[in-house]
Structure formats: C-alpha cells, structure tokens
Amino acid sequence: MSEQKTTEAPAPRESAAEDPVEAPAPGAETPAGDPVEAPAPAEAAQPPHRERRTLRAALRWGAAALAFAVAGTGTAYGLTRLERTDVPGLSTLGDGRWEYPVLAKPTLPAGAPLPAGRDNADGRHYAPLRSLLLPAPAGSRPDPTVKADKAGAVSVDAFLEEYTPRDREKLRPVLEYEGLIQILVRAWTMPDGTRSRVYLLRFASSAAVGTFTGCTVNTSLNEAETVIPDPEWGKGEIDDETVIPHNVNVSAYEEGKPYAEEQTRLGCLQAGDVQGVIVQSRKGAAPLIPLHQALVLQSQLLG
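Residues numbered from 1 in each chain as written. Predicted model: local features only at pLDDT ≥ 70, side-chain atom pairs only at ≥ 80, totals over all residues. Heavy atoms only, no water.

Peer 1: So, the pairing of strand β5 (residues 195–203): which residues are in play, and what are the values?
Peer 2: Along β5, 9 of the 9 residues are buried, which leaves the element largely enclosed by surrounding structure. Of the two faces of β5, the one carrying R195, R197, Y199, L201 and F203 and the one carrying S196, V198, L200 and R202 are both buried. Bridge count for strand β4 (residues 180–189) against β5 is 9 bridges, and the pairing is antiparallel. By the bridge assignment for β5, A187 is matched with R197. Hairpin geometry of β4 and β5 is characterised by an intervening segment of 5 residues between the two adjacent antiparallel strands and by a positive phi of about 95° at G193. Relative to strand β9 (residues 274–283), β5 runs antiparallel, the two being bridged by 8 bridges. Directly across from V198, in β9, lies its bridge partner I278. (Buried < 20%, exposed > 50% of the residue type's maximum accessible area, 1.4 Å probe, protein only. Helix = DSSP H or I, 4+ residues; strand = E, 2+ residues; numbered from the N terminus. Pairing = 2+ DSSP bridges.)

This is the structure in structure tokens:
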C-alpha cells in the first residue's frame, strides 16, 4: 500500500552531529565474543481506523497533498497528486473529478515567511497572486465571456458582473475603499458545458479581507439570486476528506431548487490577505464534485 501523505509541513531536519553506528548483524560476534541474537519478528501493526479513513479520503479527491520540504525561506515547496491506482482496490475512476496539472507552489522571495508561518501573523502571501491561482483542468477551453486582460487581471466592474445589481452596490464601496489591491481570474468551460470562474482578490491585510461580504449564504449572484449551504460540504469526515490547510477558511453553497435552466454553485475561501471566490454553473444541474475538488486544490495553493 502506498504511504499516506499528510498536509502537515515537516520541521527542517538538523544535520547529525556524528555518523550513525551500525548495529552488528545477527550471527556476528560482539567484541566480548558473544554471538548476536536475531531480533524476534514483530507483529504486523494494523493501521488505525483514522489513518485508513484519511488515506481513503485523500485518494478519493485525487487532490494535491502537500509535500512541504521547507529548508528555509525562499525555498520552493510543491504539491503532488495522488492517484487511485496507487492503492489496490481503489482503481475505479469516473467519480466526476477533473484532471488537473501537477500543482506547485512558487518560490518565495528571499527572507519571506510562509503564509502559515509563525513569523507571519497576518497570513500575508508574498508570492505573485497569479502563481497561486488554480490552473485549468485538462480538456477545458478558456471562457471568452469573462472580461480579463492577458495576465488574468479583472476590474472591479468586471468582477461585480457576477452579482445582482443590488449586491453590486453593496460591494462596490468595499472593493474601492477597503484596501483591495488586485483581482485575478481564471475561467474555463468543460466539454459537458460546466463553466468555472476562479477569482482571487488580494487585499492590504487580513482585516481588509474581513470587510468583503460577497461570498456568504446571503450572496445574491447574477446567475443565482439565492444560495443555500451545500448539504454535502462538511458532511461526515470533512477534515479528512478535504485535507484543507488549517489557515484557510472554506465554505460551499449551491442554488437551491427550483432553479431555471442552469444551476450555480459557489465556493468561498479566506486565507490571510487573499479572498477566493469560485463560481461554477451548468445547464440542468451543476456537478457536485468539481466544485469540492476545486476548493480543495485552491485551498492548498493558498495554505
């Protein structure tokens, strides 16, 4: 069975003060002339239920489990995807997940702390915002209806087009006067017609992020005037299933029935000085797992 990968960043390892001493092989003689007895075979340890559950959940999402190898500031740290085929009995695909590229966090500027570092109380992200934006999955094509420049930057007006006129007027003063620095978007359409827009909003501080109210159960989207909490998000083993970093707050909503020709789903992330907004919609019913998967991966890029 493959080793379970965790989301915890291992502490930097200190170099050994001296070379390790090799133990004598079984059957050899000690300096005193006594033979060395072979150790008795240990009983196979059964993995705890929680460990089995965590591994099963991580593989279910095929998410990018964090594999931090932080040896100091300015070090690149990556994300590696787990495949179901890594573990016998979990080779069945086709659960609705999308195939994303292997994710990698960017190299930080020299001396810059990690977003969740103890020396970064405000959770500030020092990497370029674009490098933290979730990439489009395989098989997608860019959505030309989203008004963004070549770098993915969007204006306040373009971002507010996601909301009803009522919410636009409430959100505009916040975005114009409460420390907003930048808005980036990546938008794509899948072959089944599902449209995704992933926005990252960088503010001057985490306190400024707290003034943004455009991603709650009271949000009124242009494509969904009312949303309700996603009943499947957080159901049961949310911590194990989603593998979300501790410094990222995530919530999910959906357009409740009855809806018109198209259903919309909304995902929200807050991490230090960055607010994430994910909007997915499709004619008929918007698929459930793609939004959850996008939230998992985007949270790990921000965490």
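Peer 1: Residue-level account of the environment of C215, with values.
Peer 2: One can find C215 in the loop between α4 (206–209) and β6 (228–229). For the pair C215 and S251, spaced 36 residues apart in sequence, the C-alpha to C-alpha distance is 8.8 Å.

Peer 1: Quick rundown of the sheet that holds strand β8 (residues 262–271)? Include the residues and the values.
Peer 2: Here 7 strands make up an open sheet; going across it, the order is β3-β4-β5-β9-β8-β7-β6 and the pairing antiparallel. This sheet does not close on itself; its edge strands, each paired only once, are β3 (141–142) and β6. One ladder, built from 6 bridges, connects strand β7 (residues 249–254) with β8; its direction is antiparallel. Bridging across to β8, Y253 finds its partner in L266.

Peer 1: An account of the pattern of salt bridges is requested, with residue identities and associated values reported.
Peer 2: The full count for this structure, using the stated rule, is 13 salt bridges. D157 is the partner of R172 in a salt bridge, and the nearest nitrogen-oxygen pair spans 2.5 Å. Of the two residues, R172 sits in helix α3 (residues 165–177) while D157 sits in helix α2 (residues 156–160), which places them 15 residues apart along the sequence. Among the ionic pairs, K170 bridges to D167, the shortest N-O distance being 3.5 Å. Here D167 and K170 lie together in helix α3, a separation of 3 residues that amounts to about one turn. Through salt bridges with shared partners, a single ionic network connects D143, E162, R195, R197 and E223. (Salt bridge = Lys/Arg side-chain N within 4 Å of Asp/Glu carboxyl O.)

Peer 1: If you had to explain the packing of aromatic side chains to someone new, which residues and values would you point to?
Peer 2: The relation between two aromatic rings is expressed through the spacing of the ring centres and the mutual angle of the planes. All told, the structure shown has 6 aromatic pairs when counted by the stated rule. Look at Y100 and W188: their rings are 6.5 Å apart centre to centre, the planes differ by 80°, and that puts the pair in the edge-to-face class. Placement of Y100 in the loop between β2 (78–81) and β3 and of W188 in strand β4 is noted, with a sequence separation of 88 residues between them. With a relative accessible area of 3%, Y100 lands in the buried category. Aromatic rings pair up to connect F159, Y163, Y199, F203 and F212 into one cluster. (Phe/Tyr/Trp six-rings, centres within 6.5 Å; stacked < 30°, edge-to-face > 60°.)

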